Amino acid sequence: MPTLDTAFYDVIIAGAGPVGLFLAGELRLAGVSVLMLEQAEHPNTALKSLPFGLRGLSVPTIESLDRRDLLDEIQERSPRRETPANAHWMQQKCAPGGHFAGIPFFCDQIDTAQWPYRLPGAVGSMAADMASIEAVLARRATRLGATIRRSCGFETFEESDAGVIVRAGGEMFAGRWLVGCDGGRSAVRKAAGVAFTGTNPEFTGYSAQVVLADPSVLTPGRHYTPAGMYNYAAPGTIAMVDFDGGVSHRIIPSRDHIEAVLRKVSSADVSIISLEIATTWTDRAYQATMYRRNRVLLAGDAAHVHSPLGGQGLNLGLGDAMNLGWKLAATIRGDAPDALLDTYASERQPVGAQILDWSRAQVALMRPSASSRALEAIVRDVIATGDGATYFAERVWGVGLRYDLGESHPLAGRSAPDFEFADGSRVNEHLRAGRGLLLDFSAGSVLQWLPGEWVDRIAYVSTTPHERMGIQAALIRPDGIIAWACEEAPSCAEVQEVMRRWFGAPENSA
Ligand SMILES: Cc1cc2nc3c(=O)[nH]c(=O)nc-3n(C[C@H](O)[C@H](O)[C@H](O)COP(=O)(O)OP(=O)(O)OC[C@H]3O[C@@H](n4cnc5c(N)ncnc54)[C@H](O)[C@@H]3O)c2cc1C
């Protein structure tokens with residue numbers, strides 16, 4: 001008979017990977033109680049450290065981490081790189097800036113003037129290892145009061161109007177909401193009966209660390225071949241793709257197997273003396289048909305999986321968590337407007353679908369066929385132009401992200417520019433408490449008529465920034481997205497209406 005934990009949690013999160021950990025921190029920041037159930041006994045595996053644990057972080061991720069004061073800590077913990085990545089990300093000069101199916105674009109080709117809703121210099125990318133990212137996020141979640149139970153894998157759940165009863169690790173846990181952050185093979189998603197649909201894999205991808213008998217038989221760099229693709233970094237780091245329909249995924253790759261695939265895709269007479277570590281992945285691209293079903297929500301790989309080409313999965317999942325955290329917390333506190341929680345799925349599902357298509361497009365270019373080589377030649381030509389590099393950077397860096405909030409101002413739905421004020425503070429710093437932020441560049445006039453209850457619920461800044469992109473006032477959600485902006489002195493009714501839409505009526509304030 002399973003034992004029952006007598007505590008009652010606002011949210012039970014299954015999975016303490018990066019997405020679950022970030023979400024736990026967001027929920028605690030907003031004052032709701034959190035229990036995390038994690039299947040693994042220990043957080044670290046060799047695959048989370050370099051070289052395989054390296055993750056490219058997009059602009060929305062970098063901004064989210066900065067908005068929660070986590071960016072510097074992650075940068076400090078991450079192994080130093082040779083590029084100027086150790087400088088503040090906004091000052092970073094990076095070349096190359098990223099790639100599409102391995103075809104690079106370079107920072108000095110990118111025309112940031114084509115992104116008028118971003119402040120100059122506020123773009124770039126950085127990389128960090130999973131072990132460091134998870135360590136920083138776990139420390140934040142526990143420091144804020146989340147409970148993490150390890151060796152406690154989610155098994156099943158029952159749901160009622162009052163909440164959920166979860167069975168995990170042979171124990172029972174009770175809560176109001178259940179969030180599945182338990183990865184691509186999510187047991188929560190399956191138990192909730194949420195369908196997972198998409199396209200089946202065309203290849204098995206491998207990441208391996210090997211000792212080669214003769215490293216000189218392989219040419220360093222990425223190569224498309226008649227049998228697939230391999231990317232070699234001397235002396236023994238290999239990534240390769242074998243278009244086998246994905247049949248070898250989930251096998252435990254042996255030395256013989258890795259050697260055979262490497263010979264096949266490289267056509268080189270290569271011999272592996274020893275295999276140190278290897279993992280497989282595929283281009284399977286599937287997405288949950290629902291991100292919420294009653295009291296169950298899905299985030300991260302539990303909601304969407306795709307190939308790691310272009311490094312988007314972690315960024316997508318952290319974006320889910322940033323979007324979901326404040327909305328779920330407000331719903332639990334009882335001060336959320338009706339249907340606020342539903343905007344989680346309506347905003348994030350299309351973003352996920354777009355990323356899945358981005359990874360599918362890269363697969364189309366990588367196939368070992370004459371038509372894919374022809375496509376590759378065209379993409380190489382386009383990406384080498386200023387407009388081409390700018391387009392690919394916009395997609396890879398996530399700079400073009402905009403939610404359709406039904407607002408006319410071109411900044412609405414976009415990430416808030418990190419305006420810098422005369423006192424040296426920045427917008428991102430004013431978001432660190434996880435509250436909404438009202439920017440009033442009209443000499444403090446909004447505050448005169450803003451009801452006191454509002455002032456308690458959101459942060460308010462009335463100094464004028466050095467650069468203000470023509471706006472007089474803007475309302476920024478806790479996740480850093482501009483909910484509304486205006487270029488003329490705002491009316492009281494206008495501001496109150498938009499605040500009600502996102503933060504509920506002040507009389508509902510907890
Ligand atoms: C080779 C490779 C390279 C990549 N490179 C990048 C990159 O550069 N940039 C990028 O953005 N993304 C990248 N990704 C993708 C990224 O790693 C994932 O999208 C990300 O880890 C997803 O985070 P998550 O928390 O949703 O899931 P996971 O990281 O899978 O974490 C899920 C957690 O849930 C736990 N769990 C599983 N089942 C249960 C259960 N039943 N109960 C409780 N806990 C459970 C697991 O132990 C794990 O801790 C890459 C992936 C691979 C494979």
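Fair warning: this is a prediction, and the values are worked out from it, not measured in the lab.

Trainee: How do you make sense of the overall build of the protein when you look at a structure like this?
Mentor: Check the secondary structure of the protein and you find 14 helices and 24 strands. For 510 residues, the compact-globule formula gives about 24 Å, and the C-alpha radius of gyration of the protein, at 24 Å, lands near that figure. Its C-alpha atoms give the protein principal-axis dimensions of roughly 75 × 65 × 40 Å. Across the 510 residues in the protein, those meeting the buried criterion constitute 55%. Residue pairs in contact within the protein that sit at least 24 positions apart in sequence constitute 71% of those at least 6 positions apart. Total accessible area on the protein stands at roughly 20700 Å², and carbon and sulfur atoms take up 52% of it. Here the protein carries 47 positive and 58 negative side-chain charges, and the mean point of each set is 3 Å from the other.

Trainee: What is the right way to look at helix α1 (residues 18-29) in this model?
Mentor: Each α-helix winds once per 3.6 residues, and so residues spaced three or four apart point in a common direction. With 12 residues, α1 extends 17 Å from end C-alpha to end C-alpha; this agrees with the ideal 16 Å at 1.5 Å per step. Judged by how many residues are buried, α1 sits mostly within the fold: 10 of 12 residues are covered. Regarding α1, the residues found buried are P18, V19, G20, L21, F22, L23, A24, G25, E26 and L27. Of the residues flanking the end of α1, it is G31, one or two places downstream, whose phi is positive at about 90°.

Trainee: Honestly, the state of the cysteines in this entry has me stumped. Any pointers?
Mentor: Such a bond, covalent and formed between the sulfur atoms of two cysteines, is termed a disulfide. According to the stated counting rule, one finds zero disulfides in the structure shown. Free of any disulfide, C181 has its nearest cysteine sulfur in C152, 15 Å distant.

Trainee: Can you walk me through the domain arrangement of the protein in this structure?
Mentor: Reports often express the size of an interface as the amount of accessible area lost when the parts come together. According to the domain assignment, the protein contains domain 1 (3-92 + 125-196 + 286-364), domain 2 (97-124 + 367-401), domain 3 (204-282) and domain 4 (427-508). For domain 1 and domain 2, the distance between their C-alpha centroids amounts to 28 Å. Each side of the interface is counted separately: domain 1 has 17 residues, and domain 2 has 20 residues. Buried area between domain 1 and domain 2, both sides added, is near 1600 Å², and the carbon and sulfur share of it is 57%. Taken together, the connections running from domain 1 to domain 2 amount to one salt bridge.

Trainee: Whenever I open this one, the pairing of strand β8 (residues 154-159) confuses me. Can you help?
Mentor: As defined by bridge partners, β8 adjoins strand β9 (residues 164-168) across five bridges and the pair is classed as antiparallel. Along β9, the bridge assignment pairs E159 with V164. Between β8 and β9, which pair antiparallel one after the other, the connecting turn spans four residues.

Trainee: Where do I start with the sheet that holds strand β23 (residues 473-476) in this structure?
Mentor: Strand order in the open sheet formed by four strands is β22-β21-β23-β24, and the pairing between neighbours is mixed. The open sheet terminates on both sides in strands that have one partner only, identified here as β22 (458-461) and β24 (482-486). For this sheet, the mean angle separating the axes of adjacent strands, direction not counted, is 10°. Pairing geometry for β23 and β24, over four bridges, is antiparallel. Along β24, the bridge assignment pairs A473 with C486. The strands that helix α14 (residues 492-503) touches are β21 (436-440), β22, β23 and β24; relative to β24, the one it contacts most, it runs at about 175°.

Trainee: I would appreciate a short explanation of the packing of helix α8 (residues 342-366) against helix α9 (residues 370-383) in the present structure.
Mentor: Packed helix pairs are specified by the crossing angle of their axes together with the interaxial distance, meaning the distance between the axes. Packing of α8 against α9 brings their axes to within 7 Å, and their N-to-C directions diverge by 115°. Residues A364, L365 and M366 of α8 form the contact with α9, whose participating residues are S372, R373, L375, E376 and V379.

Trainee: So what exactly am I meant to see when it comes to the packing of aromatic side chains here?
Mentor: Within a pair of aromatic rings, the relevant descriptors are the distance that separates the centres and the angle that separates the planes. On inspection of all chains with the given rule, the structure shows 16 aromatic pairs. Measuring from centroid to centroid gives 5.3 Å for F203 and F243, while their planes differ by 70°, and the two rings are edge-to-face. With F203 in the loop between β11 (196-199) and β12 (204-212) and F243 in the loop between β15 (237-242) and α6 (255-266), the pair connects residues that are 40 residues apart, well separated along the chain. The side chain of R284 reaches across the aromatic face of Y286, ending 4.1 Å from its centre.

Trainee: How should the pattern of salt bridges be read in this particular structure?
Mentor: Side chains that differ in charge, positive against negative, can pair when their charged atoms come close. Across all of its chains, the model carries 30 salt bridges by this definition. Close ionic contact of E347 with R477 constitutes a salt bridge, the shortest N to O distance being 2.9 Å. Of this pair, E347 sits in helix α8 while R477 sits in the loop between β23 and β24, placing them 130 residues apart in sequence. The buried category is assigned to R477, whose relative accessible area is 0%. A single network of salt bridges, built from pairs that share partners, joins D66, D69, D418, R426, E429 and R432.

Trainee: Would you take a moment to explain the pairing of strand β6 (residues 126-129) for this structure?
Mentor: Looking along a regular strand, one sees the side chains alternate between the two faces of the sheet. Of the two faces of β6, both are covered, the one formed by M126 and A128 as well as the one formed by A127 and D129. Direction of pairing for strand β3 (residues 54-57) relative to β6: antiparallel, over a ladder of four bridges. In the strand pairing of β6, R55 is matched with A128.

Trainee: Can you walk me through the site of the ligand in this structure?
Mentor: Near the ligand lie 26 residues; those nearest to it are E38, G56, F154, D301 and L314. Separating an oxygen atom of the ligand from a backbone N or O atom of V19 is a distance of 3.1 Å. Burial of the ligand by the surrounding chains reaches 80%, relative to a free accessible area of 1000 Å². When contributions to the shell around the ligand are tallied by element, the ones reaching two or more residues are α1, β3 and α7 (313-333). The element best represented in the shell around the ligand is α7, accounting for three residues.

Trainee: Explain the side chain of Q312 here, please?
Mentor: The residue Q312 is located in the loop between β20 (304-305) and α7 in this model. Here Q312 is in contact with H306, I355, W358, R395 and V396, once residues within four sequence places are set aside.

Trainee: For this particular structure, what's the right way to read the sheet that holds β20?
Mentor: Hydrogen bonds along the backbone pair up the strands of a sheet, which may run parallel or antiparallel. Judged by pairing direction, the sheet is antiparallel, and its three strands sit side by side in the order β11-β17-β20 without closing on themselves. Each of the sheet's edge strands pairs with one partner strand only, and the pair in question is β11 and β20. Pairing of β11 with strand β17 (residues 285-288) involves four bridges; the strand directions are antiparallel. Considered in β17, the bridge of F196 is made with A288. The strands that α8 touches are β11, β17 and β20; relative to β17, the one it contacts most, it runs at about 175°.

Parameters at a glance
Residues numbered from 1 in each chain as written. Predicted model: local features only at pLDDT ≥ 70, side-chain atom pairs only at ≥ 80, totals over all residues. Heavy atoms only, no water. Helix = DSSP H or I, 4+ residues; strand = E, 2+ residues; numbered from the N terminus. Rg over C-alpha atoms; globule rule 2.2 N^0.38 Å. Buried < 20%, exposed > 50% of the residue type's maximum accessible area, 1.4 Å probe, protein only. Contact = heavy atoms within 4.5 Å. Areas by Shrake-Rupley, 256 points an atom, 1.4 Å probe, with all protein chains shown as cover. Lys, Arg positive; Asp, Glu negative; His and termini not counted. Charge placed at Lys NZ, Arg CZ, Asp CG, Glu CD. Expected span 1.5 Å × (residues − 1). Disulfide = S-S within 2.5 Å. Domains from an automatic or database assignment. Buried area = accessible area lost by both parts, 1.4 Å probe. Salt bridge = Lys/Arg side-chain N within 4 Å of Asp/Glu carboxyl O. Pairing = 2+ DSSP bridges. Axes fitted to C-alpha atoms, helices over the stretch in contact; angles between N-to-C directions. Phe/Tyr/Trp six-rings, centres within 6.5 Å; stacked < 30°, edge-to-face > 60°. Lys NZ or Arg CZ within 6 Å of the ring centre and 35° of its normal. Near = heavy atom within 4 Å. Polar contact = N/O pair within 3.5 Å; in protein donor to acceptor, adjacent residues only side chain to side chain.

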